[in-house]
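Here is how the chains run, residue by residue.
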Amino acid sequence: MRAMDEATVRHVARLARLELTDDEVRRFAADMSKITDFVSALRKVDVQGAEMTLHPVVNRNQWREDEARPGFKREDAVANAADSEQNFFKVPPVIE
Amino acid sequence: MHELLKLDATETARRIRAAEATAHDVTAAVLAHIKATEPKVGAYLHVDEADALSQAKAADAAVKAGKAGPLAGVPVAIKDNIHVHGQQTSCASRLLGDFKAPYDATVTARLRAAGAVMIGKTNLDEFAMGSSCENSALQQTRNPWNVAHVPGGSSGGSAACVAAHSAYLSLGSDTGGSIRLPASFCGVVGFKPSYGRVSRYGLVAFASSLDQVGPFARSVRDTATIMNVLAGRDAHDTTSADRPVPDYAAGLRNDLKGVRVGVVRSYLDQMPNREVAGACQAAIDRMQALGATIVETSLPHADHGIAVYYVVASAEASSNLARFDGVRYGLRVESSSGIESYFRTRGTGFGPEVKRRIMLGTYALSAGHWEEFYGRAARVRTLICRDFDNAFAGCDVMVGPCAPFTAFKAGEKSDPLSMYLCDIFTIPASLAGLCALSLPVGYDKSGLPIGLHMQAPAFAEDRLLGYAHALEQALKPEVDRTPAIA
């Protein structure tokens, strides 16, 4: 198993939307190399004929009548937000 | 300790229903005991005395009106990743800040309907990721049997408060062992129901194919009493099972005649900690004396459980935790642009272990690595499920050690991998969606509790609790102890 380099750590952090300090990048490169090395033992397992188990039970779509029911009030939905206005979530500009 | 606090939850509720005690007196006694024990234990993140006493008042009124439920007036503690309307749900993370739950989790609502008093919110490893409770960003919880040691995790606060008698019962969540491991370390019963047996609506999701809510109690009887309240289908959780719920209290038994107990010999023979192995072997001998037949069994792929778990659970966590973006709730670190605020909020708000798992999960799901990591782990998971199917063809229950050791000292395990290895015995049942529990069966030389892991097929909770009850009753003279701190 190849050791994980810092460039890979930075790339993954970008995908995960995590700002990491340089110190964290170094630490995670070492930790994740160790962990992925440990996990790579799975490569030696013979998985011929084994489907993937994504879930321990079989899930089926569940339907109900399309009737209005009491739900969340807007003021409750925004009550925990860092910033809101007129019951909308308020965020910094995302488009320049 | 107040005399009332020495009773179990089932007897306490009976007395309150029979007007031999009041919910107010019981709740006041627990609140006073919390004040006395918390400076040393630190199990609770939040206790609202006024709210608890007003719930107790309502419980007493319900008794007078002849509407008392099965947990009338019994104080129950809730892990702080499960919603209690109006109280904090911090997940022991700085990222959630002062988040207030806008609704009750289904398990909370069911407890309320049964008359229980929600006494407080308990500490955990941040977002339930950890095995010692040391990953909490808010507080350190200590083991009531020896405060230099950890309570186990992730539901460390919920295990510690029940062990310290500062709650009769508590709720935890178990993704890879987060109920059973701390139960084993704190000497209480910790029960992970089968996947789907208990609703997860209002539980903050960590790994959705594994998470399950379950109780801690000081006896198997109390575990059955609270499971009668918690179990069942919930329209708010489509993964909750639409199957009948047996009366768990009615299934409790005192013998093991005709029961086939499966033992994986190598788990005991190769266990470096001989005290844990010895206590588990003594418990197995006792099961035989109660009429059980001991059969050797094996789980050839279970050794890969930890590797499978850390890929699958981290992958699911990386997806579930994407919701913490600083927009709708929790911390927001302001920045000139929305996307940068997103990066900073998550970088600042999550602790090191949570970041490590998000990173690992994102990597395992990323282009070029998906089949190598996630796909392969999901296939080995199938092999582990098949191992259990084969094993349970020859036995009714599997027993062995719950953890490779007793509670370790705080700060002793700094390497992430060595921490992951704590869950070696509990993870396989989570991957297969089985029900399992930890039952206190002894103590090591230093007086720290040892737990026996008992596993049964999915939805065999009634049988599992019955077997555990028989063993518990037989071991009572040797095992029934109270930590000095209580």
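Let us look at the structure shown here.

### Thoughts on the overall build of chain B
Helix and strand counts for chain B come out as 16 helices and 11 strands. The globule rule puts the C-alpha radius of gyration for 486 residues at 23 Å, and the 21 Å found for chain B is close to it. Along the three orthogonal principal directions, the C-alpha set of chain B runs to about 65 × 55 × 45 Å. Out of the 486 residues in chain B, the part that is buried amounts to 67%. Contacts in chain B between residues at least 24 apart in sequence constitute 76% of all its contacts with a sequence separation of at least 6. On chain B, roughly 15300 Å² of surface is accessible, and the fraction owed to carbon and sulfur atoms is 51%. Each charge class in chain B was averaged separately, 48 positive and 48 negative side chains, and the resulting centres sit 1 Å apart.

### What to know about the packing of aromatic side chains
Residue and element names in this part refer to chain B. Following the criterion strictly, the structure yields 16 aromatic pairs over all chains and no others. On the basis of an interplanar angle of 65° and a centroid distance of 5.8 Å, the ring pair of phenylalanine 127 and phenylalanine 350 is categorised as edge-to-face. Of this pair, phenylalanine 127 sits in the loop between β3 (117-122) and α5 (156-163) while phenylalanine 350 sits in the loop between α11 (338-349) and α12 (352-365); the two residues are 223 residues apart in sequence, bridging distant segments of the chain. The ring of phenylalanine 459 has arginine 243 lying over it, and the distance from NZ or CZ to the ring centre is 4.1 Å.

### Comments concerning the environment of B:Pro457
Residue and element names in this part refer to chain B. One can find proline 457 in the loop between β11 (449-456) and α16 (461-479). Sequence separation between proline 457 and alanine 9 is 448 residues, and the spatial gap between their C-alpha atoms is 27 Å. Apart from the residues within four sequence positions on either side, proline 457 is in contact with Ser194, Phe392, Asp396, Leu434, Cys435 and Arg463.

### A short note on the packing of helix α1 (residues 6-15) of chain A against α12(B)
The interhelical angle for the contact between α1(A) and α12(B), taken along N-to-C directions, is 95°, at an axis separation of 9 Å. With respect to α12(B), the element α1(A) is oriented roughly perpendicular. Packed against α1(A), whose contacting residues are A:Thr8, A:Val9, A:Val12, A:Ala13 and A:Leu15, the element α12(B) presents B:Met359, B:Thr362 and B:Tyr363 at the interface. Of the residues in the contact of α1(A) with α12(B), the class split is 6 nonpolar, 2 polar and no charged.

### Overview of helix α7 (residues 220-230) of chain B
For an α-helix, the turn length of 3.6 residues means that residues three or four places apart are oriented alike. Residues and elements named next belong to chain B. In terms of burial, α7 is largely enclosed, as 9 of its 11 residues are buried. Listing the buried residues of α7 in full gives Val220, Asp222, Thr223, Ala224, Thr225, Ile226, Met227, Val229 and Leu230. Phi for glycine 232, located one or two positions after α7, is positive at around 135°.

### With respect to the environment of B:Pro483
All names here are of chain B. Here proline 483 shows up in the segment after α16. Residues proline 483 and leucine 4, spaced 479 residues apart in sequence, show a C-alpha to C-alpha distance of 17 Å. With residues near it in sequence (within four places) discarded, proline 483 still touches Pro144, Trp145 and Ala163.

### Regarding the pattern of salt bridges
For the structure on display, the rule yields 29 salt bridges over all chains. Where B:Arg356 meets B:Glu353, a salt bridge forms, and the shortest distance between an N and an O atom there is 2.3 Å. With B:Arg356 and B:Glu353 both in helix α12 and 3 residues apart, this pair spans about one turn of that helix. Each member of the pair, B:Arg356 together with B:Glu353, is buried. Here the salt bridges do not stand alone but share partners, grouping A:Asp31, B:Glu353, B:Arg356 and B:Arg357 into one network.

### A few points about the interface of chain A and chain B
With 55 residues of chain A at the contact, the number on the chain B side is 70 residues. Of the roughly 5200 Å² buried between chain A and chain B on both sides combined, carbon and sulfur atoms contribute 67%. Contact with chain B buries area across many residues of chain A, yet A:Arg17, A:Leu42 and A:Asn80 alone supply 13% of it, more than any other trio. The interface formed by chain A and chain B contains 5 salt bridges. Across the contact surface, chain A and chain B share 22 residue pairs in polar contact (both at pLDDT 80 or more). At the level of elements, α1, α2 (22-39) and α3 (74-78) of chain A are the ones that each hand at least two residues to the side of chain A that touches chain B. Here the side of chain A that touches chain B gets 10 residues from one element, more than from any other, and that element is α2(A). Split into classes, the residues belonging to the side of chain A that touches chain B amount to 32 nonpolar, 8 polar and 15 charged.

### Some points on the nonpolar core
Grouped together as the largest cluster of nonpolar side chains are 188 residues, with contacts concentrated most on B:Leu111, B:Phe127 and B:Met454. In this structure B:Phe127 touches B:Cys91, B:Ser93, B:Leu96, B:Val204, B:Phe206, B:Leu321, B:Phe324, B:Phe350 and B:Val354, once residues within four positions along its chain are discounted.

### Considerations on the state of the cysteines
Residue and element names in this part refer to chain B. For the structure on display, the rule yields 0 disulfides over all chains. Of all cysteine sulfurs in the structure, the one in cysteine 186 sits closest to cysteine 133, which takes part in no disulfide; the separation is 9.0 Å. Among the residues examined, cysteine 133 registers a relative accessible area of 1% and is labelled buried. For cysteine 186, a relative accessible area of 0% gives the class buried.

### Observations concerning the sheet that holds β11(B)
Residue and element names in this part refer to chain B. Strand order in this open sheet of 11 strands is β1-β3-β2-β4-β6-β5-β10-β11-β9-β7-β8, and the pairing throughout is mixed. The strands lining the two open edges of the sheet, one partner per strand, are β1 (44-46) and β8 (293-296). Between one strand and the next, the sheet's axes are offset by a mean angle of 30°, whatever the strand orientation. With 6 bridges joining them, strand β4 (residues 169-174) and strand β6 (residues 212-217) adopt antiparallel strand pairing. Paired with aspartate 174 across the bridge in β6 is glutamine 212. Strands in contact with α7 are β4, β5 (189-192), β6 and β10 (435-443); relative to β6, the strand with the most contacts, it is inclined by about 145°.

Rules behind the numbers
- Residues numbered from 1 in each chain as written.
- Chains lettered and ligands numbered in written order.
- Predicted model: local features only at pLDDT ≥ 70, side-chain atom pairs only at ≥ 80, totals over all residues.
- Heavy atoms only, no water.
- Helix = DSSP H or I, 4+ residues; strand = E, 2+ residues; numbered from the N terminus.
- Rg over C-alpha atoms; globule rule 2.2 N^0.38 Å.
- Buried < 20%, exposed > 50% of the residue type's maximum accessible area, 1.4 Å probe, protein only.
- Contact = heavy atoms within 4.5 Å.
- Areas by Shrake-Rupley, 256 points an atom, 1.4 Å probe, with all protein chains shown as cover.
- Lys, Arg positive; Asp, Glu negative; His and termini not counted.
- Charge placed at Lys NZ, Arg CZ, Asp CG, Glu CD.
- Phe/Tyr/Trp six-rings, centres within 6.5 Å; stacked < 30°, edge-to-face > 60°.
- Lys NZ or Arg CZ within 6 Å of the ring centre and 35° of its normal.
- Axes fitted to C-alpha atoms, helices over the stretch in contact; angles between N-to-C directions.
- Parallel < 35°, antiparallel > 145°, perpendicular 65-115°, else oblique.
- Nonpolar A, V, L, I, M, F, W, Y, C, P; charged D, E, K, R; others polar.
- Salt bridge = Lys/Arg side-chain N within 4 Å of Asp/Glu carboxyl O.
- Buried area = accessible area lost by both parts, 1.4 Å probe.
- Polar contact = N/O pair within 3.5 Å; in protein donor to acceptor, adjacent residues only side chain to side chain.
- Core = buried A, V, L, I, M, F, W, Y, C linked by side-chain atoms within 4.5 Å.
- Disulfide = S-S within 2.5 Å.
- Pairing = 2+ DSSP bridges.

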